[in-house]
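Examining the three-dimensional arrangement
Next come the chains, spelled out residue by residue.
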Amino acid sequence: MSFDTVIRGGRWFDGTGAPSAIRNIGIRDGHVAAISAEPLDETGCANIIDAAGKWVMPGLLDIHTHYDVEVLAAPSLSESVRHGVTTVLVGSCSLSTIHVDGPDAGDIFGRVEAIPRKYVVETIDAHKTWASCEDYIAALESRPLGPNVTAFIGHSDMRAATMGLDRATRSNVRPTAAEQARMEQMLDEALQAGFVGMSSQQLLFDKMDGEICRSRTLPSTYAKPKELRRLKAKLRRTGRILQAGPDIKNPLDVVSQLAQALGIFRRPLKTSLLAAADVKSNRWAIPTMVKASRMLTKLGADFRWQHLPVPFDVYADGIDLVIFEEFGSGAEALHLRESVERDELMRDEAYRRRFRKDYANKYGPRVWHRDFFDAEITECPDTSIIGKSFGQVGVERGGVHPVDAFLDLVLEHGTALRWHTTISNDRPEVLKTLAQEPGIQMGFSDAGAHLRNMAFYNMGLRLLRHVLDAEQAGKPFLSVEQAVHRLTGELADWYRIDAGHLRVGDRADIAVIDPDHLDDTLDAYSEDTFAAYGGMSRMVNRNDDAVTAVFISGRPVVLDGQPTEVLGAQRTGSFLRADTPTRAVTAQAEVPVTRATPAT
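Please read these numbers as outputs of a predicted model, since none were measured by experiment. (Residues numbered from 1 in each chain as written. Predicted model: local features only at pLDDT ≥ 70, side-chain atom pairs only at ≥ 80, totals over all residues. Heavy atoms only, no water.)

1. Description of the packing of aromatic side chains
The criterion, for reference: Aromatic rings from Phe, Tyr and Trp, with only the six-membered ring used for Trp, were paired whenever their centres fell within 6.5 Å, and each pair was classed as stacked if the ring planes differed by under 30 degrees, edge-to-face if by over 60, and tilted otherwise. Per-residue accessibility, obtained with a 1.4 Å probe over protein chains only, is compared with the maximum for each type, and a residue is labelled buried under 20%, exposed over 50%, and partly exposed between these values.
Under the defined criterion, the tally for this structure stands at 28 aromatic pairs. Here the aromatic rings of Phe 530 and Tyr 533 are separated by 4.7 Å at their centres, their planes lie at 75°, and the arrangement is edge-to-face. Take Tyr 533: its relative accessible area is 0%, and that puts it in the buried class. Through a chain of ring-to-ring contacts, the aromatic side chains of Phe 324, Phe 327, Tyr 351, Phe 355, Tyr 359, Trp 368, Phe 372, Phe 390, Phe 406 and Trp 419 assemble into a single cluster.

In structure tokens, the structure reads:
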């Protein structure tokens, strides 16, 4: 029988961490039909890919996205796919679109994830046809879906839809018995439909948009222990996953999240927490997290931290950046939507005193290191200050306090003032340590959110480059095989979905990578317009030379570094249900899979 595609002579990685080898791969009917050291019969084959000198690996998994809205508006999800990602996980951080309507989704997603509320509402209202998880899956698969999708159901989604958004965000309101039962029924339906679990959120600086509930925290943050216990009990019984963001300002909440993963007189709760980051504001955080995950593993827990394996670089237009939500004066400014009101506030000396006090407070848990000397101006109508920090501008203006220098420039230039800082993961040696930790997962891109603030669509490529550079320098910290496993098979196996492997019989979700172009170009950012959101400009990555081909279900969606006409026009991806058995292996007798010594 002929093949639909043959990938010829590439260095093949199967996603298990086993040794790689030079192999020829035959694809038929969306699956891997042959892997052979010998040439394959190419008679009648429509697509032949010469992968000599390239790496041929399972498509990458992105386990933390906020594509819940974009997957409806632009289901190709091309920014991820063109960087080798073939499976994405939606429904993170308690946010999903299963039950809420457009306006409530706009309030929940808009400010927290920095997606303009207008486009959230318009997208949900235009596309929502479902009333259940099964209907949602059918709706996704009726669209020209690019990558595969799997999902958490969001606790805030269930809570808002059951209680109403206003009641769900009041600290003195508890769900009635009927409302509690309805949330549990929603969770049961999601788990039966194959969702990987439930996401919740206790972090208190994520604030809502809209009018009625503006600046309240997410609905899940108002849930009391009894409500959470009953939902988590269902996850325990089914072995499904809780993804959560603990309240870092409340040590008891963090300890509680860790303890529930262990179980203690009950079945452990499979748990993924946000997030392992080497934050500049607290260099003790990472050693503590590593020790906690090691201890929990020894005691029998199935626990993981999520991690962005690259420097956490963020950009901002004026004062529009989520890190300001974590302290009072910053949230006070972001509460105001109108620029006139914000400007009036920022001119007020009493407000500036509050901001300077918050800025100077270096105690207690926080994400931002609060140092305007470590914040570089990248764009401004006043070109004389580009490349300088706000602190430096303050010094040059006669010793103006960094906070006042920042606020003065925001008043002068508004959102035309663009600046950059690195929040965390700035130490390469620490990133190497984290990449080796079994209790830490590689995957925290936030793709689909913070469109003007960051772009980590290529995070998998950047980890592979880090590994390759270390190997070539004679100081390896992971083999390439291990790194591929961490980005593919390890994640798929933990979330229990049919992805992440490249063996005979597996789904033909494949990325072909050119290691010669895993270089410094991966660090650069670009901007591109996004038609689905009114043509707004968003941050993206452009590494077309690094990813030469991507296949999803055996269909070529990227060739020569460019999306093909198939991507976004025809459905290539599917909804991957948790605990669905993988396809049976049906190797061809004439092309047995054999192991070889690692090839370079």
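From this point, the discussion proceeds with the structure in view.
2. Here we look at the environment of Pro 428
Convention followed: What counts as a helix is a DSSP run of H or I of at least four residues, what counts as a strand is a run of E of at least two, and both are numbered from the N terminus.
Relative to the helices and strands, Pro 428 resides in helix H17 (residues 428–436). For the pair Pro 428 and Asp 523, spaced 95 residues apart in the sequence, the C-alpha separation amounts to 14 Å.

3. Topic: the sheet that holds strand S9 (residues 197–199)
Using the following cut-off: Should DSSP find at least two bridges between two strands, the strands are regarded as paired. Interaxial angle, 0 to 180 degrees, is taken between N-to-C directions of lines fitted to C-alpha atoms, where a helix line uses only the stretch in contact.
In spatial order, the strands read S6-S7-S8-S9-S10-S11-S12-S16; together these eight strands make up an open sheet with parallel pairing. Every interior strand has two partners, whereas the edge strands, strand S6 (60–62) and strand S16 (440–442), have only one. Sheet twist, expressed as the average angle between the axes of neighbouring strands with direction ignored, equals 25°. In the sheet, strand S8 (residues 148–154) pairs with S9 via three bridges, with the strands oriented parallel. Bridge assignment links Phe 152 to a residue of S9, and that residue is Gly 197.

4. Remarks on the nonpolar core
What counts, and what does not: We call a set of buried Ala, Val, Leu, Ile, Met, Phe, Trp, Tyr and Cys residues a nonpolar core when their side-chain atoms join them within 4.5 Å. Working rule for contacts: check all heavy atoms of both residues, and any pair within 4.5 Å makes them a contact.
Trp 55, Met 57, Ile 108, Ile 153, Phe 195 and Leu 518 are the most contacted members of the largest nonpolar core, which has 107 residues in total. Apart from residues lying up to four places away in sequence, Phe 195 is in contact with Ile 98, Cys 133, Tyr 136, Ile 137, Ala 151, Phe 152, Ile 153, Ala 190, Arg 240, Phe 575 and Ala 578. The next biggest cluster of nonpolar side chains, apart from the first, holds 43 residues, and it includes Ala 333, Phe 355, Trp 419 and Met 459.

5. As for the environment of Ile 22
Looking at where Ile 22 falls in the secondary structure, it is placed in strand S2 (residues 21–28). As for Ile 22 and Glu 38, which are separated by 16 residues in sequence, their C-alpha atoms are 9.7 Å apart.

6. With respect to the packing of helix H13 (residues 339–347) against helix H16 (residues 402–413)
This is how the line gets drawn: Comment on the angle field: the value is read as roughly parallel under 35 degrees, roughly antiparallel over 145, roughly perpendicular from 65 to 115, and oblique elsewhere. Each crossing gets its handedness from the near helix: less than a right angle anticlockwise from the far helix is left-handed, clockwise is right-handed. Three residue categories are used. Nonpolar comprises Ala, Val, Leu, Ile, Met, Phe, Trp, Tyr, Cys and Pro, charged comprises Asp, Glu, Lys and Arg, and polar comprises the others, including Gly.
With their axes 10 Å apart at the nearest point, H13 and H16 run at an angle of 150° to one another. One way to sum up the angle between H13 and H16 is to call them roughly antiparallel. The element H13 and its partner H16 pack so that their crossing is left-handed. When H13 is examined against H16, the residues Asp 343, Met 346 and Arg 347 are found in contact with a partner set consisting of Leu 407, Val 410 and Leu 411. Looking at the contact of H13 with H16 residue by residue, the class counts come to four nonpolar, no polar and two charged.

So, to be careful, I would describe these as geometric facts and stop short of saying anything about function.
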